[in-house]
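Listed here are the chains, written in short residue letters.
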Amino acid sequence: MPEHRETARVVHENLDTAYVNLGALLRYLRARDFVGRVHVELDEYEVEIFVRGQEELRVREMDFASGRVEEGAGALQRVLVRAQEAGGLLSVYEGGEAATDEAAERRSAIASEVSRQAVEQQASIRVSEEEAEQRELLEVSGELLGAVERAAAVAGGDFASALHRARIGLADDYPFLDPVQRRFEYRAGTVRLQGKVSTGLYVSGVSEALRRAVEHIATEGERIGIRRDVARELSTLKRRRQTALARFKFTTQLERIAGMKLL
């Protein structure tokens, strides 16, 4: 034999919350040992309130905008506040507790799915934003390295050797620069980076490596003119990529790298 399921009887349906005080209605129903449920529907927000006489109310809240699905006293307090807004719909159904539980659970499952999709979407957006920021950081740092490399070439210095030496000296403080690990690679204006490095640490390490490379070429290579050439190249880069340099806080490092004021 098929299982008998009690169906709910509609007592009130689609009453406007502008004209109904939800708190007073719940007190009225409980005082009369009402058994059933009250359904509240607002914009992207639904709540099922299960009433069983004088027993404690059971509340299931589904906020489709935020993806939140909650039960308990907190949910009851929120719906009592939100139901004071006009334009919501309020319905009262008597009996049919099993059926109404199933309906509410179906809505809860839908809300949970919405919540999961919202979390995944937000995570995807964050990853996309992080990837875009990482690409721009590597791009502008590659241009910075390229500017110093051009200045070194004009001065007759060996930029590759000076940068390699600087990276070895900084390997303890900036492990990503360690040539042995091969996480950081630079060639012809292009930077490749393996693994995750914080933006602040990356900017600080690359800037110090460039400063030391310029220092090495200028003093040990006896090519003092490189500072002027670096300052000229960095001034041009600053005018062209001012926004990106400032965003990643490279701007404050430019004069340190050149060892003099920009031209």
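Before any of the text, the structure's been laid out above.
Residues numbered from 1 in each chain as written. Predicted model: local features only at pLDDT ≥ 70, side-chain atom pairs only at ≥ 80, totals over all residues. Heavy atoms only, no water.

Enquirer: What is the right way to look at the packing of aromatic side chains in this model?
Expert: Each aromatic ring pair is characterised by the separation of its centres together with the angle its planes make. According to the stated counting rule, one finds 5 aromatic pairs in the structure shown. The interplanar angle of 85 degrees and the centroid separation of 6.2 Å between the aromatic rings of Phe159 and Tyr186 together place this pair among those described as edge-to-face. Here Phe159 is found in helix H4 (residues 159-170), whereas its partner Tyr186 is found in strand E7 (residues 184-187), with 27 residues between them in sequence. Both residues of the pair, Phe159 and Tyr186, belong to the buried class. Measuring from ring centre to ring centre gives 6.3 Å for Phe176 and Phe184, while their planes differ by 70 degrees; the resulting arrangement is edge-to-face. With respect to class, Phe176 is no different from Phe184; both count as buried. Put simply, the rings of Tyr174, Phe176, Phe184 and Tyr202 pair up and form one aromatic cluster. Here Arg58 stacks its cationic end above the ring of Phe50, 4.5 Å away from the centre of that ring. Against the face of Tyr45 rests Arg82, its NZ or CZ located 3.8 Å from the ring centre. (Phe/Tyr/Trp six-rings, centres within 6.5 Å; stacked < 30°, edge-to-face > 60°. Helix = DSSP H or I, 4+ residues; strand = E, 2+ residues; numbered from the N terminus. Buried < 20%, exposed > 50% of the residue type's maximum accessible area, 1.4 Å probe, protein only. Lys NZ or Arg CZ within 6 Å of the ring centre and 35° of its normal.)

Enquirer: Any chance you could explain the sheet that holds strand E3 (residues 45-52) here in plain terms?
Expert: Strand order across the open sheet formed by 6 strands is E1-E6-E2-E3-E4-E5, with antiparallel pairing between neighbours. Each edge of the open sheet is held by one strand with a lone partner, namely strand E1 (9-16) and strand E5 (68-71). Across the sheet, the axes of successive neighbouring strands diverge by a mean angle of 10 degrees, strand direction being ignored. Sheet topology places E3 next to strand E4 (residues 58-63); 6 bridges connect them, and they run antiparallel. Residue pairing in the sheet places Val47 in a bridge with Glu61 of E4. Each of strand E2 (35-42), E3, E4 and E5 touches helix H2 (residues 73-82); the most contacted strand, E3, lies at about 115 degrees to it. (Pairing = 2+ DSSP bridges. Axes fitted to C-alpha atoms, helices over the stretch in contact; angles between N-to-C directions. Contact = heavy atoms within 4.5 Å.)

Enquirer: Can you walk me through the pattern of salt bridges in this structure?
Expert: Any two side chains of opposite charge can pair, on the condition that their charged atoms come close. This structure, assessed with the given rule, holds 19 salt bridges. With a shortest N-O distance of 3.9 Å, Arg52 and Glu55 are connected by a salt bridge. Overall, the relative accessible area of 39% leaves Arg52 in the partly exposed class. On the accessibility criterion, Glu55 (47% relative accessible area) is partly exposed. The salt bridge partner of Asp229 is Arg232, with a shortest N-O separation of 3.2 Å. Of this pair, Asp229 and Arg232 both sit in helix H6 (residues 226-240), 3 residues apart, roughly one helical turn. Note on Arg232: relative accessible area 41%, which makes it partly exposed. Several salt bridges converge on common partners, so that one network encompasses Glu139, Glu143, Arg240 and Arg241. (Salt bridge = Lys/Arg side-chain N within 4 Å of Asp/Glu carboxyl O.)

Enquirer: Honestly, the layout of surface pockets in this entry has me stumped. Any pointers?
Expert: Think of a ball as big as a water molecule: rolled over the atoms, this probe shows where empty space is left. In this structure, the largest pocket spans a volume of roughly 240 Å³. Looking at the largest pocket, it is lined by 13 residues, and the ones nearest its centre are Leu163, His164, Arg167, Glu185 and Tyr186. Sorting the residues of the lining of the largest pocket by element identifies H4 and E7 as the ones contributing at least two each. Here the lining of the largest pocket gets 5 residues from one element, more than from any other, and that element is H4. Approximately 190 Å³ is the volume found for the second largest pocket. Top element by residues in the lining of the second largest pocket is helix H3 (residues 97-155). It accounts for 5 residues. Partitioned by chemical class, the residues of the lining of the second largest pocket number 2 nonpolar, 4 polar and 4 charged. (1 Å grid on protein atoms, 1.4 Å probe; cavity = no way out; pocket = protein on both sides within 12 Å on 5 of 7 lines; lining within 4 Å. Points joined across faces, edges and corners; volume = space filled by probe spheres on them. Nonpolar A, V, L, I, M, F, W, Y, C, P; charged D, E, K, R; others polar.)

Spatial relationships are all this shows, so hold off on functional conclusions.
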